[in-house]
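Descriptive analysis of the structure
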Amino acid sequence: MKTITERFLHYTTFDTQSAEDRNQTPSTDKQLIFARYLKGELEAEGLEDVEMDAEGYIYATLPANTDAPIPTIGFISHYDTSPDCSGANIRPRIVENYDGSDIVLDAEAGIVTDVKTFPELLAHVGEDIIVTDGHTLLGADDKAGIAEIVQAMVWLRQHPEVKHGKIRVGFNPDEEIGLGAQKFDVEKFGCEWAYTMDGGEVGELEYECFNAAAAKYDIKGVSVHTGYAKGKMINAARIAAELVSMIPETDLPETTEGYEGFYHLLSSSGSCEQASLTFIIRDHDREKFQERKAFMEQLADRLNAKYGEGVVSVSLRDQYFNMREKVEPVRHVVDIALKAIENVGVTPLVRAIRGGTDGAQLSFRGLPCPNIFAGGLNFHGPHEFLPIPSLEKAMKVVIEICKLTAERGK
Ligand SMILES: [Zn+2]
């Protein structure tokens, strides 16, 4: 049997980088090369109903090994890697029995993962750690998740004495460009609930994220020769700046943390004649989120009262919602994961995500889906690393969840 490390290292030989602004799924053809390989591996390992659709979404089943009534659950990972950093010719290396010092990735080029910048390394002294050669990302986000799920399914097949219900696995492209969940076939997946194996540090469990919306302002000015402008000119660019100054400085991404929400100015452009501003609005709390959106509308009203009706118009668009409200009513989904993490000897780290997740989208489409650690750190860059014990523990968490779900029954 392949070790989980061998499995993961083999996955890293495939370049699966996704790309923004492409009109196809997956966004890059090279993702399909890995998808086809992965489909073959699932078949070779004896999973059933292994299916890959034209867009690279892979679904497979580990059948139940008992007649007891047990809910069908699923595990999900994405196989694309971030557009932020190359994923071609990844040359992983294992630092054995890490001693707590800086890790030289490329001596000649002077690329070093130093403890001062990356203190998270110190939690992994004494462990074997997979690192890059300093020129690519590692792709533990999220091929570690895939290796963990596949290895757990193989282990369960080899241990028929461990009883479990029907388990589904799902692997998707294009998560890094925010499109992973969109085309995920929740109905075909057919699970009561699922988990994405896509978090970072060992122990992480996430089932809260932001509520998210975008606000776009259009400001119409009146351009007049500056020498004759008095009482006539309406300078759209200047009104845009005034609007930005009305956003409280306490409510920005750069001044908030934890459960504090914010307004973020994403882009601005303008001239005397016309200006536009785009903001994103974020808050974990649904009520405060609504208040924030109302505030954005009030800004337009206040400026219109000052400069004239129709000068400032705003359109608001919801982007995603906090999955907590979908997970809370089925609290056992979280409790099972917490217990599973404890059962493998790890202290759970429950965190509210200051962003979104594929699991949030899936939760609102009827598949409650918290996110569990996959074990890698410093994602999306050459300093990404993966402690092997974290990889193994995440795999064991998958197995534990299957066991606990079977014990709980319907
Ligand atoms: Zn990921």
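Residues numbered from 1 in each chain as written. Predicted model: local features only at pLDDT ≥ 70, side-chain atom pairs only at ≥ 80, totals over all residues.

**A word on the sheet that holds strand S4 (residues 93-95)**
Two modes of strand pairing occur in sheets, parallel and antiparallel, and in both the strands are linked by backbone hydrogen bonds. Stated precisely, the cut-off is as follows: Strands are labelled as partners when DSSP assigns at least two bridges between them. Helix and strand definitions follow DSSP, with helices as H or I runs of at least four residues and strands as E runs of at least two, each counted in order from the N terminus.
Ordered by their spatial adjacency, 3 strands build an open sheet running S4-S7-S17, and the pairing between neighbours is antiparallel. Two strands in the sheet have a free side with no partner beyond their single neighbour: S4 and strand S17 (386-387). Pairing geometry for S4 and strand S7 (residues 129-131), over 3 bridges, is antiparallel. Across the sheet, residue Arg93 finds its bridge partner in S7, namely Val131.

**Some details on the UniProt feature "domain: Peptidase M20 dimerisation" (unreviewed entry) in the protein**
Basically, it comes down to this: UniProt positions are given in the numbering used here, feature names are shortened, and annotations may be inferred rather than shown by experiment.
UniProt's feature table lists "domain: Peptidase M20 dimerisation" (unreviewed entry) at residues 210-310, given in the numbering used throughout. The straight-line gap between the two end C-alpha atoms of residues 210-310 is 31 Å; of that span, 32% is helix and 29% is strand.

**Re helix H5 (residues 236-245)**
Spelled out, the test is: Partly exposed residues are those whose C-beta has more than 12 but fewer than 20 other C-beta atoms within 10 Å; 20 or more makes a residue buried and 12 or fewer makes it exposed, with C-beta atoms placed from the backbone. The directions from the helix axis to the C-beta atoms are what the arc is built from. Residue pairs are scored as contacts if the distance between their C-beta atoms, which are placed from the backbone, is within 7 Å.
Residues Ala236, Ile239, Ala240 and Leu243 constitute the buried set of H5. Along H5, the residues classed as buried sweep out an arc of 105° about the axis, all on the same side. Its buried side turned inward, H5 meets strand S11 (211-220), strand S12 (262-270), strand S13 (274-283), helix H6 (286-307) and strand S14 (312-320).

**Some words on the sheet that holds S13**
Keep this limit in mind: The angle between two axes is taken between their N-to-C directions and runs from 0 to 180 degrees, where each axis is a line fitted to C-alpha atoms and a helix contributes only its stretch in contact.
Read from one edge of the open sheet, 4 strands run S12-S13-S11-S14, paired in antiparallel fashion. Every other strand in the sheet has two partners, leaving S12 and S14 as the edge strands with one partner each. With strand direction ignored, the average angle separating the axes of adjacent strands in the sheet is 15°. In this sheet, S14 lies alongside S11 in antiparallel orientation, the contact comprising 8 bridges. Looking at S14, one finds that Ala213 is bridged to Asp318.

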